[in-house]
Amino acid sequence: MVGETLNRNRIHYSWIILLITFFSIIVAGIVRSSSGVFIDPFENEFGWDRSVISLAFAIGLFLYGISGPFMAALIEVLGVKKVMVLSMATLLIGTLLTFIMQESWQLIIIWGIIIGLGSGVFLTVLSPYVANRWFEKKRGLALGILTASTATGQLLLLPILAIIINQSSWRWAIVLITTLSAMMLVIILLFMKNSPHDIGILSYGLDTEKQDPLKEQKKNPIALAFNGLFEAVKVKEFWLLAGSFFICGLSTSGLIGTHFISYCISYGIPLVAAASLLSFMGVFDLIGTTLSGWLSDLFDNRWLLFWYYGLRGASLILLPFALADGSYALLLVFSVFYGLDWIATVPPTIGISRQIFGIEKSGIVYGWIFASHQLGAAVAAYGGGIIYKVFNSYTWAFFLAGIFCLLASLFVIVIKKQAPQERMLKTTLKA
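Predicted model only: the values in this text are computed from it and were never measured.

The rules we used
Within every chain, residues take consecutive numbers counted from 1 along the sequence as written. Per-residue local features are limited, in this predicted model, to residues with pLDDT of at least 70; the limit for side-chain atom pairs, both in listing and counting, is 80 or more; totals at the level of whole chains, interfaces and linings are taken over all residues. Side-chain measures were taken over the full set of non-hydrogen atoms in the model, leaving aside hydrogen atoms and water. Think of it this way: any DSSP run of H or I at least four residues long counts as a helix, any run of E at least two long counts as a strand, and we number them from the N terminus. A helix's residues, less one, multiplied by 1.5 Å, set its expected span. The term bend refers to the angle at a residue between two fitted axes, each drawn through seven residues, those ending there and those starting there. Two aromatic rings, drawn from Phe, Tyr or Trp (for Trp, its six-membered ring), form a pair once their centres lie within 6.5 Å of each other, and the interplanar angle then sorts them: stacked below 30 degrees, edge-to-face above 60, tilted otherwise. Note on classification: 1.4 Å probe, protein chains only; a residue is buried when its accessible area is under 20% of the maximum for its type, exposed when over 50%, partly exposed between these limits. Throughout, a residue-residue contact means that at least one pair of heavy atoms, one from each residue, lies within 4.5 Å. Helix axes use the C-alpha atoms of the stretch in contact, all axes being lines fitted to C-alpha atoms, and the angles between their N-to-C directions lie in the range 0 to 180 degrees. Oblique is the label for any angle not covered by the other classes, which are roughly parallel (under 35 degrees), roughly antiparallel (over 145) and roughly perpendicular (65 to 115). Crossing handedness: left-handed means the near helix sits turned counterclockwise from the far one by under a right angle, and right-handed means the same turn made clockwise. For this scheme, ten residues count as nonpolar: Ala, Val, Leu, Ile, Met, Phe, Trp, Tyr, Cys and Pro. Four count as charged, namely Asp, Glu, Lys and Arg, and the remainder, Gly too, count as polar. Within the patch definition used here, like charges are joined within 9 Å and nonpolar side chains (Val, Leu, Ile, Met, Phe, Trp, Tyr) within 5 Å, considering only residues with over 30% relative accessible area and no salt bridge. To measure how exposed things are, a 1.4 Å probe is used in the Shrake-Rupley method; for residues, cover is taken only from the protein chains shown. Salt bridges are defined by distance alone: a side-chain nitrogen of Lys or Arg within 4 Å of a carboxyl oxygen of Asp or Glu. Joining through side-chain atoms within 4.5 Å is the link that ties buried Ala, Val, Leu, Ile, Met, Phe, Trp, Tyr and Cys residues into a set, and such a set is a nonpolar core. Each residue gets a pLDDT score, which is the predictor's confidence in that residue and runs from 0 to 100.

1. Some remarks on helix α19 (residues 346-391)
An ideal rise of 1.5 Å per residue puts 68 Å on 46 residues; α19 reaches only 33 Å between its terminal C-alpha atoms. Remark: the principal bend of α19, roughly 120 degrees, maps to G358. At the C-terminal side of α19, N392 shows a positive phi close to 55 degrees.

2. What about the packing of aromatic side chains?
Ring pairs (aromatic) are described by centroid distance and by the angle formed between their planes. Taken as a whole and assessed by the stated rule, the structure comprises 32 aromatic pairs. With 5.5 Å between their ring centres and 70 degrees between their planes, F70 and F226 make a pair best called edge-to-face. One end of the pair, F70, is in helix α5 (residues 68-78); the other, F226, is in helix α13 (residues 221-232), with 156 residues separating them in the sequence. Assessed through its relative accessible area of 24%, F70 is described here as partly exposed.

3. Here's the deal with helix α17 (residues 301-325)
Compared with the 36 Å implied by 1.5 Å per residue over 25 residues, the 36 Å span of α17 between its first and last C-alpha is a close match. At L318, α17 shows its largest kink, close to 35 degrees, and the proline P320 lies no more than four residues downstream. At the C-terminal side of α17, G326 shows a positive phi close to 70 degrees.

4. Observations concerning the environment of I75
Position of I75 relative to the elements: it lies in helix α5. Sequence-wise, I75 and V125 are 50 residues apart; in three dimensions their C-alpha atoms are separated by 9.5 Å. Setting aside its immediate chain neighbours within four residues, I75 contacts V80, V83, V121, V125 and Y129.

5. Brief notes about the packing of helix α6 (residues 80-98) against helix α7 (residues 104-118)
At a minimum axis distance of 7 Å, the contact between α6 and α7 shows a crossing angle of 155 degrees. As summarised for this structure, α6 and α7 are arranged roughly antiparallel, according to the angle between their axes. For α6 against α7, the interelement crossing comes out left-handed. Facing α6, whose interface residues are S87, T90, L91, G94, T95, L97 and T98, α7 presents I110, W111, I114, I115 and G118. Of the residues assigned to the contact of α6 with α7, the class counts are six nonpolar, six polar and no charged.

6. Structural notes on a nonpolar patch on the surface
Together, Y382, I386, V390, F391, W396, L400, I403, F404, L407 and L410 make up an exposed nonpolar region whose accessible area comes to about 1000 Å². Residue assignment for the nonpolar patch shows that the elements contributing at least two residues are α19 and α20 (395-413). With six residues, the single largest contributor to the nonpolar patch is α20.

7. Here's the deal with the environment of V346
As for its placement among the helices and strands, V346 is situated in helix α19. Relative accessible area serves as the criterion here: at 7%, V346 is assigned to the buried category. With 57 residues separating them along the chain, V346 and T289 place their C-alpha atoms 7.9 Å apart. Residues within four places of V346 in sequence aside, it is in contact with T147, F245 and Y366.

8. Thoughts on the nonpolar core
Side chains of nonpolar character tend, in soluble globular proteins, to be buried together. Core analysis: the largest hydrophobic core is formed by 122 residues, its most contacted members being F42, W111, F122 and I256. Broken down by element, this core gets its largest block of residues, 13 residues, from α19. Every residue in contact with W111, bar those within four places of it in the chain, is listed here: V31, S34, S35, F38, F42, A56, F57, G60, T98, G116, I174 and I177.

9. Topic: the environment of L295
Mapping L295 onto the fold places it in helix α16 (residues 271-296). What makes L295 buried here is its relative accessible area of 18%. C-alpha of L295 to C-alpha of P348: the two residues are 53 residues apart in sequence and 8.7 Å apart in space. Ignoring anything within four residues of it in the chain, the contact list for L295 reads L304 and Y308.

10. Focus: the packing of α17 against helix α18 (residues 328-341)
The contact between α17 and α18 brings their axes to 10 Å, and the two run at 160 degrees. With respect to each other, α17 and α18 are oriented roughly antiparallel. The handedness of the crossing between α17 and α18 is left-handed. For the pair α17 and α18, the contacting residues are Y308, L311, R312, S315, L316, L319, A322, L323 and D325 in the first and L330, L331, F334, F337, Y338 and D341 in the second.

11. Brief notes about the confidence of the model for the chain
Looking at the chain as a whole, the pLDDT averages 82, with 89% of positions reaching at least 70. Contacts of residues 213-217 to residues separated by more than four positions or lying in other chains number 15 contacts, the stretch itself having pLDDT below 50. Counting interchain partners and residues more than four positions distant, the pLDDT-below-50 stretch residues 420-431 has ten contacts.

See the structure below:
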């Protein structure tokens with residue numbers, strides 16, 4: 001009945017699922033990334049040492065990254081709707097507990113563990129899972145839209161939260177993200193579905209029903225996650241993708257996300273202007289990553305990654321010269337160009353993972369690949385500070401990141417086309 005009504009109205013429910021997932025990721029990204037604007041307010045009000053506050057937020061960054069493969073396995077056990085509900089409820093609880101915290105160890109539990117784990121599914125494996133299950137056609141476009149929301153949500157509203165804190169207090173900023181979390185939880189409860197089969201329709205673009213490779217498995221999610229890793233490490237392409245994604249995390253959230261504002265300030269650029277440039281990147285990330293998803297349906301994903309990493313590397317190497325020149329025009333060009341490339345690597349990386357490991361395995365395997373992304377981000381966040389301490393400048397950090405990106409472009413281009421290998425690998429895994 002539902003499927004017939006949707007067909008008559010020519011509205012496919014896959015697009016409703018896409019919107020729900022898109023805004024869920026936006027909200028989770030806002031909650032997780034808002035930690036950066038709370039460092040000074042927490043330090044001023046509670047008198048906590050900045051290193052302790054940073055430790056709490058660093059734990060959250062690490063946990064949301066490493067939780068990816070386990071979240072993918074949990075989805076296969078419980079279903080995507082239950083995991084989304086549990087995760088959004090966890091974020092809501094974390095933001096509510098922020099109002100009553102008094103001690104630094106409470107900050108570590110709330111923002112390190114609770115919010116870190118709560119944001120995990122939204123910012124890691126949810127995008128490829130929804131795209132794989134709900135879309136047969138336009139899968140790359142759907143994936144591009146969803147992955148774009150990851151960085152866009154984290155960057156776009158930071159200036160708004162900062163304004164609220166400056167004009168009122170950090171508590172009102174928490175009220176905003178708490179309200180967004182509560183609204184999103186209600187929407188997920190009412191409208192999210194596990195699969196097209198739940199409402200009697202087929203995936204978008206699928207004409208005839210086929211056997212669903214993603215049947216829920218009543219297995220231990222931890223065992224599923226590690227079994228996926230043990231199978232993946234035997235495949236050379238896993239290491240190439242994990243290595244390139246390590247560099248992706250190193251050159252985006254780890255370096256730009258952590259040190260870009262400080263780097264600009266060291267050249268005399270005001271804080272608000274530097275933060276606005278970073279937020280500007282988020283706007284163009286939405287465009288660039290959506291476009292990347294569309295392109296991944298049309299072109300060889302290996303060559304897309306080759307150009308993405310190569311161009312990103314060139315831009316990072318040129319950034320110090322733009323800052324030294326003191327040209328806002330050049331910095332604006334960098335923000336637009338870099339924003340277009342921020343997470344453009346995700347759709348083709350997921351596409352290659354799907355080709356190599358198949359839809360059934362790719363969710364968990366991509367979770368491990370994303371874990372390497374977050375490891376790279378952690379290395380750059382810490383390593384950038386060390387380089388600044390030694391050289392009193394971030395210049396070498398950005399030069400090295402640019403060189404690593406050029407190396408990543410070589411990693412991905414040596415991956416062979418996967419059509420024959422995919423069939424051979426699936427046969428091997430079944431055996």
